[in-house]
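Notes for the structure review
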Amino acid sequence: MTATSSLSDVARRDLADLSDNLIGPADSGYDEARAVHNGMIDRHPALIVRCGSPDDVARAIAFGRGQGAAIAVRGGGHNGGGLGVVDDGVVIDLSRMADVEVDPSAGTVTVGGGATWGDVDRATAEHGCVVPSGIISTTGVGGLTLGGGLGHLTRGFGLTIDNLIGADVVLADGSRVHADANEHPDLFWGLRGGGGNFGVVTSFQFRTHPLGATVMAGPTFWPIEQLPDVMRFYREFLPAAPRNLGGFFASMTVPPVDMFPAELHMRKVAAVMWCIDGSEEEATRLLAPVHDVGTPLLHGVGPMPHPVLQSLFDGLYTKGLQCYWRADFVNELSDDLIAEHLQWSQKLPSMHSTMHLYPIDGAAHDVGAADTAFSYRDTRWAEVIFGVDPDPAHADDMRDWCVGYWDATHPYSAGGAYVNFMMDEGQERVRATYRDNYDRLARVKAQYDPDNVFRVNQNIHPATGA
Ligand SMILES: Cc1cc2nc3c(=O)[nH]c(=O)nc-3n(C[C@H](O)[C@H](O)[C@H](O)COP(=O)(O)OP(=O)(O)OC[C@H]3O[C@@H](n4cnc5c(N)ncnc54)[C@H](O)[C@@H]3O)c2cc1C
């Protein structure tokens, strides 16, 4: 019997009443349970505990600590660096805690720590409201929120954390606290951008915003050679546009699916994926200048329910693809930087590979750099380079293109990167990302997790002598 399997045996004794929700290496569902979204991650935990309550979470933490095992917390399992799973340690899987309860009269929604954004979007849409999140419905609420949360509605409603009004947290010592602006305000500050460093969030409470039955959404595509014209237009147009207009830039390959004309299939394009919270007439008026840029191959903006928009890419970015990530914040899309984007975007190494620029402005700029842990409030774009392919034999090609692209564009960056778009890039990058907020984060860490129990994340080291 290996040391790894013996830990799961001990768990069956110590956590006997959870035995239906304990998965160890010898169990038949082990490989499925340990798999995360990124197929490049192949880690073998000693034990997975599917927790159904804050009590279960507290007991799983105590068990892991008692065994001296590393603890990973899994929300949706989407993290690029595979931070929802750890070799030889204990995974606290929150997927059973996915309840969503909308309170339309209060304009709030309460969400279980293991819910996905699809769970939230479907529930809020029934009440004509929304919480701004990302662009894929299968992403976990937990990781996306704790890192910041960027997506189609950021310009109008801010980052996801700007809409977080409270959280229930199980701390490293097993105690349970509620954090909001009045209770444990330092913890609440750290949760808004500081990742999973401070505890396990078993429930998130968000403010909602009214949203119509449909948004106006869809892409404009241009030949990839026209990327410089499109990016130059985009860098001026978007920051000046009203906040109800969102649009992220993408270098991409048109997927061979029915929603796009066959003659565009597999063509490399420069694209902007638009989302307008407004009427068809308003969207047509606001996007009129887009048609004067280069020679668009397709302008496919139309009405769709918000949950449909959020699921558009689910079928493309399915679980198990080989994904290599690199990221940066970008203040300025200079002509020299655009020239690098053209060069590297023309070399997209696979149909799934892409480069995205997500706007950080509008409502995201209303919040100060020190108001939450998310420091880069003054930047303009979050860039992510995403080398993706289904075939593990192509993993090195994905990494090489991604790193080459990043090496070429990083000199033009603002410094740090959005933590949710990073893999394992080391402590210096984490510090660069939190800038002046790092020292306060380290003090909050020392207060709430002095032994660094929660270290399978973009880690904040506890301040010493705090
Ligand atoms: C295809 C794809 C598209 C994406 N698109 C976007 C996007 O549009 N916008 C955006 O902002 N991000 C996006 N992301 C990035 C995403 O925000 C991160 O991958 C995020 O970490 C995913 O959260 P998760 O809960 O699914 O991940 P997990 O891998 O489960 O967890 C990630 C980290 O968060 C911690 N964590 C998760 N839940 C909790 C919790 N309840 N309590 C405490 N700690 C917790 C984990 O311990 C871990 O450190 C995308 C990712 C993918 C794969």
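Below is a summary of the structure that appears in this document.

About the thresholds
Residues numbered from 1 in each chain as written. Predicted model: local features only at pLDDT ≥ 70, side-chain atom pairs only at ≥ 80, totals over all residues. Heavy atoms only, no water. Near = heavy atom within 4 Å. Polar contact = N/O pair within 3.5 Å; in protein donor to acceptor, adjacent residues only side chain to side chain. Areas by Shrake-Rupley, 256 points an atom, 1.4 Å probe, with all protein chains shown as cover. Helix = DSSP H or I, 4+ residues; strand = E, 2+ residues; numbered from the N terminus. Nonpolar A, V, L, I, M, F, W, Y, C, P; charged D, E, K, R; others polar. Pairing = 2+ DSSP bridges. Contact = heavy atoms within 4.5 Å. Axes fitted to C-alpha atoms, helices over the stretch in contact; angles between N-to-C directions. Expected span 1.5 Å × (residues − 1). Buried < 20%, exposed > 50% of the residue type's maximum accessible area, 1.4 Å probe, protein only. Phe/Tyr/Trp six-rings, centres within 6.5 Å; stacked < 30°, edge-to-face > 60°. Parallel < 35°, antiparallel > 145°, perpendicular 65-115°, else oblique. Left-handed = near helix turned anticlockwise from the far one by under 90°. Salt bridge = Lys/Arg side-chain N within 4 Å of Asp/Glu carboxyl O.

1. Some points on the site of the ligand
- Near the ligand there are 34 residues, and of these Val73, Gly75, Gly77, Leu150 and Tyr418 occur at the shortest range.
- The backbone of Val456 places a nitrogen or oxygen atom 3.2 Å from an oxygen atom of the ligand.
- Considered on its own, the ligand offers 940 Å² of accessible surface; in the complex 97% of this is hidden by protein.
- Taken together, the elements giving at least two residues each to the shell around the ligand come down to strand 3 (71–74), helix 5 (141–147) and strand 10 (200–207).
- At four residues, the largest contribution of residues to the shell around the ligand is made by helix 5.
- Grouping the constituent residues of the shell around the ligand by class yields 15 nonpolar, 18 polar and one charged.

2. Let's talk about the sheet that holds strand 3
- The four strands are arranged 1-2-4-3 in an open sheet whose pairing can be described as mixed. Each having just a single partner strand, strand 1 (22–23) and strand 3 make up the two edges of the open sheet.
- As judged from the four bridges shared by strand 3 and strand 4 (residues 90–93), these two strands associate in the parallel manner. Within strand 4, the position partnered with Ala72 by the bridge is Val91.
- Contacts from helix 3 (residues 54–66) reach strand 2 (47–50), strand 3 and strand 4 within the one sheet, and its direction differs from that of strand 4 by about 175°.

3. A look at helix 3
- In this model, helix 3 (13 residues) spans 18 Å end to end at C-alpha, consistent with the 18 Å of a helix rising 1.5 Å per residue.
- Among the residues of helix 3, Asp56, Val57, Ala58, Ala60, Ile61, Phe63 and Gly64 are the ones counted as buried.

4. A look at the sheet that holds strand 8 (residues 164–170)
- Spatially, 5-6-10-8-9 is the arrangement adopted by the five strands of the open sheet, whose pairing is antiparallel. Two strands in the sheet have a free side with no partner beyond their single neighbour: strand 5 (100–103) and strand 9 (176–179). If you compare each strand with its neighbour and ignore which way they point, the axes differ by 10° on average.
- Here strand 8 pairs with strand 9 via four bridges, running antiparallel. Within the sheet, the bridge partner assigned to Asp168 lies in strand 9 and is His178.

5. Here's the deal with the packing of aromatic side chains
- One pass over the full model with this rule turns up 19 aromatic pairs.
- With a centroid separation of 5.4 Å and 85° between ring planes, the pair formed by Trp401 and Tyr405 is classed as edge-to-face. On the criterion of helical spacing, the pair formed by Trp401 and Tyr405 is a turn pair, its members being four residues apart in helix 12 (residues 395–409). The same class applies to Trp401 as to Tyr405, namely buried.

6. A closer look at the packing of helix 11 (residues 335–345) against helix 12
- For the pair helix 11 and helix 12, interaxial distance at closest approach is 9 Å and the crossing angle is 165°. Between helix 11 and helix 12, the crossing angle belongs to the class labelled roughly antiparallel. For the crossing formed where helix 11 meets helix 12, the hand is right-handed. Facing Leu337, Glu340, His341, Trp344 and Ser345 of helix 11, the residues of helix 12 in contact are Trp401, Gly404, Tyr405, Ala408 and Thr409.

7. What about the pattern of salt bridges?
- Applying the stated criterion across every chain yields a total of 24 salt bridges.
- Of the charged contacts, one joins Arg243 and Asp366 as a salt bridge, the two residues approaching to 2.8 Å between their closest N and O atoms. Residue Arg243 is found in the loop between helix 8 (227–240) and strand 13 (245–253), and its partner Asp366 is found in the loop between strand 18 (354–359) and strand 19 (381–389); the two are separated by 123 residues along the sequence.
- Its salt-bridge partner being Arg380, residue Asp361 comes within 3.6 Å of it at the nearest N-O pair. In this pair, Asp361 sits in the loop between strand 18 and strand 19 while Arg380 sits in the loop between strand 18 and strand 19, placing the two residues 19 residues apart along the sequence.
- Owing to a relative accessible area of 2%, Asp361 belongs among the buried residues under this scheme.
- Where salt bridges share partners, they join Asp229, Arg232, Arg235, Glu236 and Asp335 into one cluster.

8. A few points about the packing of helix 8 against helix 11
- It is the contact of helix 8 with helix 11, at a shortest axis distance of 9 Å, that shows an interaxial angle of 135°. When the axes of helix 8 and helix 11 are compared, the pair comes out oblique. Taken as a pair, helix 8 and helix 11 cross one another with a handedness that is right-handed. Residue-level inspection shows Leu227, Pro228, Met231, Arg232 and Arg235 of helix 8 in contact with helix 11, the latter providing Asp335, Ile338, His341, Leu342 and Ser345.
- Looking at side-chain class alone, the contact of helix 8 with helix 11 contains five nonpolar, two polar and three charged residues.

9. Here we look at the side chain of His356
- Along the chain, His356 falls in strand 18.
- Classification of His356 as buried rests on a relative accessible area of 9%.
- A polar contact is formed between the side chain of His356 and the side chain of Thr354, at a distance of 3.2 Å.
- Among the polar contacts made by the side chain of His356, one reaches the side chain of Tyr358 at a distance of 2.8 Å.
- With near-sequence residues (within four places) excluded, His356 lies in contact with Ile135, Phe248, Phe249, Ala250, Ala382, Glu383 and Val384.

10. Some details on the environment of Tyr30
- One can find Tyr30 in helix 2 (residues 30–34).
- Considering only alpha carbons, one finds Tyr30 and Asp397, 367 residues apart in sequence, at a separation of 29 Å.
- Leaving out residues up to four positions away in the same chain, Tyr30 has contacts with Ile23, Gly24, Pro25, His44 and Pro45.
- Engagement of the side chain of Tyr30 in a polar contact is seen with the backbone oxygen of Pro45, the distance being 2.6 Å.

11. Looking at the pairing of strand 14 (residues 268–276)
- Within strand 14, eight of the nine residues are buried, leaving the element largely enclosed by the surrounding structure.
- Pairing analysis gives eight bridges linking strand 12 (residues 215–223) to strand 14, with the strands arranged antiparallel. Within strand 14, the position partnered with Thr220 by the bridge is Val272.
- As paired elements, strand 13 and strand 14 share nine bridges and run antiparallel to each other. Across the sheet, residue Ala250 finds its bridge partner in strand 14, namely Ala271.

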